[in-house]
Amino acid sequence: MNRPDGTPAEATSARRVRRRDASDVDACVEVLAEVHAADGYPAYWPDRPGEWLTQPSPYAAWVAELNGPVVGHIALCRGGAGDAAPAVWSRHRGVSIADTAVISRLFVSPSARGHGIGALLMARAVREARRRALHPVLDVLASDTSATALYERLGWSLLATLDQQWGPDRTVTVHCYAAPV
């Protein structure tokens, strides 16, 4: 029997999402290194990955555990200069950019995939955004087909596809998504 997020019922007893605290950052960096090696996320490995995880200052951040260890991470933040989705949502809905919250720093260990961890993390961040009366949005590299498949499976809407300048020599294509209304 499967849960609403598609995971087997027996897999849920070992899954847990909780607030990230300072003691989780090293474990998160280890998982992030696994994700970077497997998937190339983040596209540029940060000089200080622990600082990258905690910036920009999030409204909140969570970790996911599977059978004990940390296997995933997500943050909910104010939109920053590099975030396209808040502006696209703002224009699309005729609301202030300040009415959005950005889903950020989402990753799940390759060894923990298939257990609904990404969906659990997304649900937790969306609940927090809604509690704050903010609409969740996000940007994702167009080449990250696994992430876009997750967002679309969860009912998120593709708002736009844009090119962004990521440094003097690199232009990337990003998809801007918004959570269901």
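One can find the structure itself at the top, above this paragraph.
Rules and cut-offs
Residues numbered from 1 in each chain as written. Predicted model: local features only at pLDDT ≥ 70, side-chain atom pairs only at ≥ 80, totals over all residues. Heavy atoms only, no water. Helix = DSSP H or I, 4+ residues; strand = E, 2+ residues; numbered from the N terminus. Rg over C-alpha atoms; globule rule 2.2 N^0.38 Å. Buried < 20%, exposed > 50% of the residue type's maximum accessible area, 1.4 Å probe, protein only. Contact = heavy atoms within 4.5 Å. Areas by Shrake-Rupley, 256 points an atom, 1.4 Å probe, with all protein chains shown as cover. Lys, Arg positive; Asp, Glu negative; His and termini not counted. Charge placed at Lys NZ, Arg CZ, Asp CG, Glu CD. Pairing = 2+ DSSP bridges. Axes fitted to C-alpha atoms, helices over the stretch in contact; angles between N-to-C directions. Core = buried A, V, L, I, M, F, W, Y, C linked by side-chain atoms within 4.5 Å.

**So, the overall build of the protein chain**
No. 1: Helix and strand counts for the protein chain stand at 5 helices and 7 strands.
No. 2: Reading the secondary structure of the protein chain in the N-to-C direction produces β-α-α-β-β-α-β-α-β-α-β-β.
No. 3: Taken over C-alpha atoms, the radius of gyration comes to 16 Å for the protein chain, in line with the 16 Å a tight globule of 181 residues would show.
No. 4: Taking the principal axes of the C-alpha coordinates as reference, the protein chain spans close to 45 × 35 × 30 Å.
No. 5: Going through the 181 residues of the protein chain one by one, you find that 46% of them count as buried.
No. 6: Here the analysis covers contacts within the protein chain between residues at least 6 apart in sequence; of these, 66% occur between residues at least 24 apart.
No. 7: Accessible area of the protein chain: about 9,300 Å², with a carbon and sulfur share of 50%.
No. 8: Of the side chains in the protein chain, 19 bear a positive and 19 a negative charge, and the two mean positions are spaced by 8 Å.

**Some thoughts on unusual backbone geometry**
No. 1: Cis peptide bonds are those with omega within 30 degrees of zero, and the linkage from Tyr 41 to Pro 42 qualifies with -5°.
No. 2: The phi angle at Asn 67 is positive, at roughly 55°, despite the residue not being glycine.
No. 3: On the secondary structure map, Asn 67 appears in the loop between strand E2 (58–66) and strand E3 (70–77).
No. 4: A relative accessible area of 62% means that Asn 67 is categorised as exposed.

**Concerning the sheet that holds strand E6 (residues 157–165)**
No. 1: In space, the 7 strands of this open sheet follow the order E1-E2-E3-E4-E5-E7-E6, with mixed pairing throughout. Of all strands in the sheet, those with a lone pairing partner are strand E1 (15–19) and E6, marking the two edges. Taking the axes of each pair of neighbouring strands and ignoring which way they run, one obtains an average angle of 25° across the sheet.
No. 2: As defined by bridge partners, E2 adjoins E3 across 7 bridges and the pair is classed as antiparallel.

**Structural notes on the nonpolar core**
Soluble globular proteins: nonpolar side chains tend toward being buried together.
No. 1: Ranked by size, the top nonpolar core spans 29 residues in total, and within it Ile 74, Ile 103, Leu 121, Met 122, Leu 138, Tyr 151 and Trp 156 carry the most contacts.
No. 2: Of the residues forming this core, the biggest block, 7 residues, is contributed by helix H4 (residues 117–131).
No. 3: Excluding residues that lie within four positions of it along the chain, Leu 121 makes contacts with Val 17, Trp 62, Val 63, Ala 64, Gly 72, His 73, Ile 74, Leu 106, Phe 107 and Val 108.
No. 4: Core analysis: the next-biggest nonpolar cluster, separate from the first, contains 11 residues, Val 25, Val 29, Leu 32 and Val 35 among them.

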